[in-house]
Structures are given as C-alpha cells and as structure tokens.
Amino acid sequence: MSDGRKIIHIDMDAFYASIEQRDHPELKGKPVAVGHADLRGVVAAASYEARRYGVRSAMSSVKAKKLCPELIFVEGRMEVYKGVSARIHEIFHDYTDIVEPISLDEAFLDVSENKKHMELAVDIAREIKQRIRSELNLVASAGVSYNKFLAKVASDYRKPDGLCTIHPERAEEFISTLPIESFWGVGSVTAKKMHLLGIHTGKDLRACSLEMLTRQFGKTGQLYYDFARGIDLRPVEAERIRKSIGCEHTLEKDITLKSSVIIELYHVARELVARLERKEFKGMTLTLKVKFHDFSQITRSRTSSRLLYKLEDILPMAKQLLSEVDYEQHPIRLLGLSVSNPKDEQQERVPEWVQLELEFEK
C-alpha cells in the first residue's frame with residue numbers, strides 16, 4: 001500500500017480571518033468575517049469564533065449576520081494575504097523544493113528526501129507549524145502520511161492547530177471509519193448520491209466494485225475505488241498545467257429581464273477574453289455558470305471545433321448556453337464564464353497559486 005513516500009499537507013487555520021485578527025488585536029477572540037457586509041455581500045472567510053455560530057465561507061452576508069448578530073465584517077486585503085502566503089512558502093522551501101501549492105493557504109510537501117536530513121516527516125511538520133507560529137503569529141494544521149489523499153484528510157482531522165499522522169499500517173482502519181463527506185472530491189451533491197447508494201463511510205465505499213463506481217461516477221469512480229483502499233499515486237508537483245481560466249460577476253441585484261441578462265453576460269465575456277489574452281490561454285470548451293437568487297446554481301458547457309479566445313466566438317456560444325437556462329421564474333444572482341480543455345495541455349505551466357481568483361468576487 002505504501003511506496004515509502006513522506007507527504008505533508010499544511011493548511012492554515014482560518015487564514016484570512018486570522019491575519020485580520022493578528023493585525024488588529026481588537027478583533028482577537030471575536031467573530032470575524034472577511035468580506036462585504038452589504039445586501040449583496042458574501043463571506044470570503046470566517047474566524048473560528050464566527051464558525052461556532054454556523055458562519056461559513058461563500059455564505060451570504062445577510063444570512064451570516066442573522067446567525068451571528070455580533071459578527072464583525074472586515075474588507076479583504078488580498079495583497080496582504082499573498083504576501084503572508086509567500087513568506088509561508090519560504091519556510092516550506094527551507095525543508096524541500098517539492099512544494100505543490102493548492103491555494104494561498106494550503107500546500108503539499110514531499111519530504112521523502114529533505115534539506116534538513118530529518119528522518120521523520122512528523123518532526124518536519126511540527127517544526128514548520130512552530131515556525132509559522134513564532135515567525136508569523138499564525139496557526140497551521142498539518143497532516144502527514146504516505147500519499148496526498150491521506151495527508152489531506154489528516155490535516156483536517158484535528159483542526160484547528162492540528163497535527164495528525166496516518167501510518168500505512170493503520171490506514172485501512174482509519175479510512176473505514178471516515179465519513180464519505182471527508183473523501184477528496186466528494187462534495188454535497190456527490191455525498192447525497194452516495195447516501196442514496198448506501199455509501200456512508202470508507203468501509204461502505206470499499207465494499208463497492210470498481211465496475212459499480214465507474215458506472216455511477218464515471219472516471220472519478222476509479223479515484224474513489226483507490227482512495228477507499230488507501231491508494232493515491234499522484235506525485236507532489238511544484239508546477240501544474242493550467243486547465244482553465246474563468247471569471248464571474250455577482251450582480252448588484254437579482255435580474256430576470258432578458259436584455260439585462262444579455263448585457264451582464266457581455267461584460268463577463270469581455271473580462272474573460274481579457275484574462276485569456278493576459279495569460280495567453282486558449283481552450284476548446286466554454287462553461288456558463290449561473291447562480292440564482294436562492295443560491296442554487298447550474299452549469300452548462302459546450303465544446304467548440306476551434307480554439308476559444310476571441311469575443312466574437314465566445315459571446316455567441318455563451319448566449320446559446322444561456323438560452324438553455326430558465327431564469328424567468330428564477331432571478332439570477334451571479335453569472336460566470338470559463339474556458340477549459342486546452343488543445344495543447346503543455347502550452348503553459350505555472351505555479352498553482354498564481355491561478356487563484358479573487359475570492360471576494362465570488
């Protein structure tokens with residue numbers, strides 16, 4: 001089961017909110033939300049004090065305020081967060097250069113061979129946590145195991161300020177008791193489908209055949225089959241191939257009028273084309289994302305016979321996708337477009353953190 005690798009997953013605890021509490025001592029110990037407090041606002045991040053009330057990221061500011069009347073909203077400072085993230089990565093690189101950023105606040109490290117010649121990965125994780133605390137006055141959780149899946153699960157296991165190691169000899173037992181919602185790639189929709197299939201834990205998942213999982217979940221079924229057995233051969237990669245570029249706009253007010261929706265779609269398409277040009281990215285598939293007034297959302301995709309990067313190609317396709325959406329009785333809150341499926345997937349390699357979109361736009 002184990003191939004001898006030593007993988008660490010570092011996940012910063014309430015990263016944005018913790019930076020705000022660190023930089024503004026009057027906020028320490030208080031429920032804090034990073035984001036906009038207005039009627040159209042969305043919570044980008046929440047402190048643990050706020051999470052006790054049920055406040056979560058991506059929640060509307062209005063709902064968050066109802067759950068926690070004492071909630072304090074703070075405008076986000078993305079440049080500050082990027083700067084702190086860069087400093088954290090400097091610490092990572094003191095131990096290994098095989099660092100795979102997932103976002104500003106989390107990353108995988110392969111320390112099978114490390115610069116400090118430390119034998120135990122858990123000692124490296126503990127030292128990194130201590131340095132982040134002493135040098136940056138922030139708290140991180142860490143997971144240690146022999147693959148990325150289990151390291152990720154381990155970092156979530158004892159949050160906040162957690163440190164958990166999953167050894168190969170106890171991986172099967174650990175996975176058996178793991179709720180299916182904790183598996184990588186299982187969101188709320190997939191979890192509901194699995195529950196209907198009688199899959200609630202890792203043990204239930206392991207009892208499923210590969211044929212059944214691929215029939216129900218397509219290619220991802222192979223991933224679930226392997227994860228249930230503690231198998232994840234994906235390497236920690238310091239670079240990755242850009243797969244898509246997108247943008248989305250939260251509207252000032254919900255809209256149903258066709259002319260208004262088309263105008264908003266035009267603005268989103270223009271921004272998408274500008275981003276594609278800046279990143280020199282071209283793809284074959286266009287995806288439309290629509291979020292409605294009740295926060296439900298749908299996506300529609302179409303693949304073109306030619307590369308998409310010009311407005312005159314993207315906008316007509318976007319309108320066609322929009323024509324498949326019934327929004328007359330379902331006011332639209334957000335519109336998004338993305339281009340994916342690059343013809344030559346080797347066209348651009350970039351550090352993953354560069355691809356982070358401003359979460360406050362979402």
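One structure accompanies this document, and this report is about it. (Residues numbered from 1 in each chain as written. Predicted model: local features only at pLDDT ≥ 70, side-chain atom pairs only at ≥ 80, totals over all residues. Heavy atoms only, no water.)

Looking now at the pattern of salt bridges. Under the definition given, this model contains 21 salt bridges. In this structure, the salt-bridge partner of K159 is D11, at a minimum N-O distance of 3.8 Å. A residue pair is termed long-range when its members are at least 10 positions apart, and K159 in the loop between α6 (148–157) and β8 (163–165) and D11 in strand β1 (residues 7–12) qualify at 148 residues. D11 gets classed as buried once you look at its relative accessible area, which sits at 9%. The shortest N-O distance in the salt bridge between K152 and E106 comes to 3.1 Å. Here K152 is found in helix α6, whereas its partner E106 is found in strand β6 (residues 106–110), with 46 residues between them in sequence. For E106, a relative accessible area of 15% puts it in the buried group. (Salt bridge = Lys/Arg side-chain N within 4 Å of Asp/Glu carboxyl O. Helix = DSSP H or I, 4+ residues; strand = E, 2+ residues; numbered from the N terminus. Buried < 20%, exposed > 50% of the residue type's maximum accessible area, 1.4 Å probe, protein only.)

Let us look at the packing of helix α12 (residues 258–279) against helix α13 (residues 311–322). One way to put it is that α12 packs onto α13 with a least axis distance of 10 Å and a crossing angle of 140°. One element, α12, and the other, α13, form an angle in the oblique class. Remark: the crossing between α12 and α13 carries right-handed chirality. Residues V261, I262, L265, Y266, A269, R270, L272, V273 and L276 of α12 form the contact with α13, whose participating residues are L311, I314, L315, A318, K319 and L322. Among the residues forming the contact of α12 with α13, the class breakdown is 13 nonpolar, no polar and 2 charged. (Axes fitted to C-alpha atoms, helices over the stretch in contact; angles between N-to-C directions. Parallel < 35°, antiparallel > 145°, perpendicular 65-115°, else oblique. Left-handed = near helix turned anticlockwise from the far one by under 90°. Contact = heavy atoms within 4.5 Å. Nonpolar A, V, L, I, M, F, W, Y, C, P; charged D, E, K, R; others polar.)

Overall, antiparallel pairing links the 4 strands, which are arranged β10-β13-β11-β12 in an open sheet. Of all strands in the sheet, those with a lone pairing partner are β10 (244–255) and β12 (297–308), marking the two edges. Neighbouring strand axes in the sheet, compared pairwise and without regard to direction, differ in orientation by 15° on average. Both strand β11 (residues 283–292) and β12 contribute to a ladder of 8 bridges, which runs antiparallel. By the bridge assignment for β12, K291 is matched with Q297. (Pairing = 2+ DSSP bridges.)

On to the packing of helix α1 (residues 15–23) against helix α4 (residues 78–92). Between α1 and α4, the least distance of the axes is 11 Å, while the angle of their chain directions is 100°. In terms of orientation, α1 lies roughly perpendicular with respect to α4. Counting all contacts with α1, which are made through F15, Y16, I19, E20, R22 and D23, the residues of α4 involved are M78, V80, Y81, V84, S85 and I88. Considered class by class, the residues forming the contact of α1 with α4 number 8 nonpolar, 1 polar and 3 charged.

Judged by nonpolar contacts, the single largest core of 32 residues is most densely connected at I8, I10, F15, I128 and I132. Taken together, the elements giving at least two residues each to this core come down to β1, α1, α4, β6, α5 (121–136) and β7 (140–145). Residue contacts for I132: discarding those within four places in its chain leaves I10, M12, I88, I91, N137, L138 and A140. Counting 29 residues, the second largest nonpolar core, distinct from the first, contains L272, L286, L308 and L335. (Core = buried A, V, L, I, M, F, W, Y, C linked by side-chain atoms within 4.5 Å.)

A few words now on the pairing of β1. Two faces make up the sheet, and in a regular strand the side chains alternate between them. Where burial is concerned, most of β1 is hidden: 6 out of the 6 residues are buried. The alternating pattern of β1 places I7, H9 and D11 and I8, I10 and M12 on opposite faces, both of which are buried. As judged from the 6 bridges shared by β1 and β7, these two strands associate in the antiparallel manner. In the sheet register, H9 faces β7, and the bridge partner there is G143.

What follows covers the sheet that holds strand β3 (residues 43–46). An order of β3-β2-β4 is seen for the 3 strands of this open sheet, with the pairing classed as mixed. Both outer strands of the open sheet, β3 and β4 (72–74), are each paired with one neighbouring strand and no more. Neighbour-to-neighbour, the strand axes of the sheet open up by a mean angle of 30°, direction not taken into account. Direction of pairing for strand β2 (residues 32–35) relative to β3: antiparallel, over a ladder of 3 bridges. Pairing of V34 across the sheet is with A45, part of β3. Across the sheet, α1 is in contact with β2, β3 and β4; its angle to β2 comes to roughly 110°.

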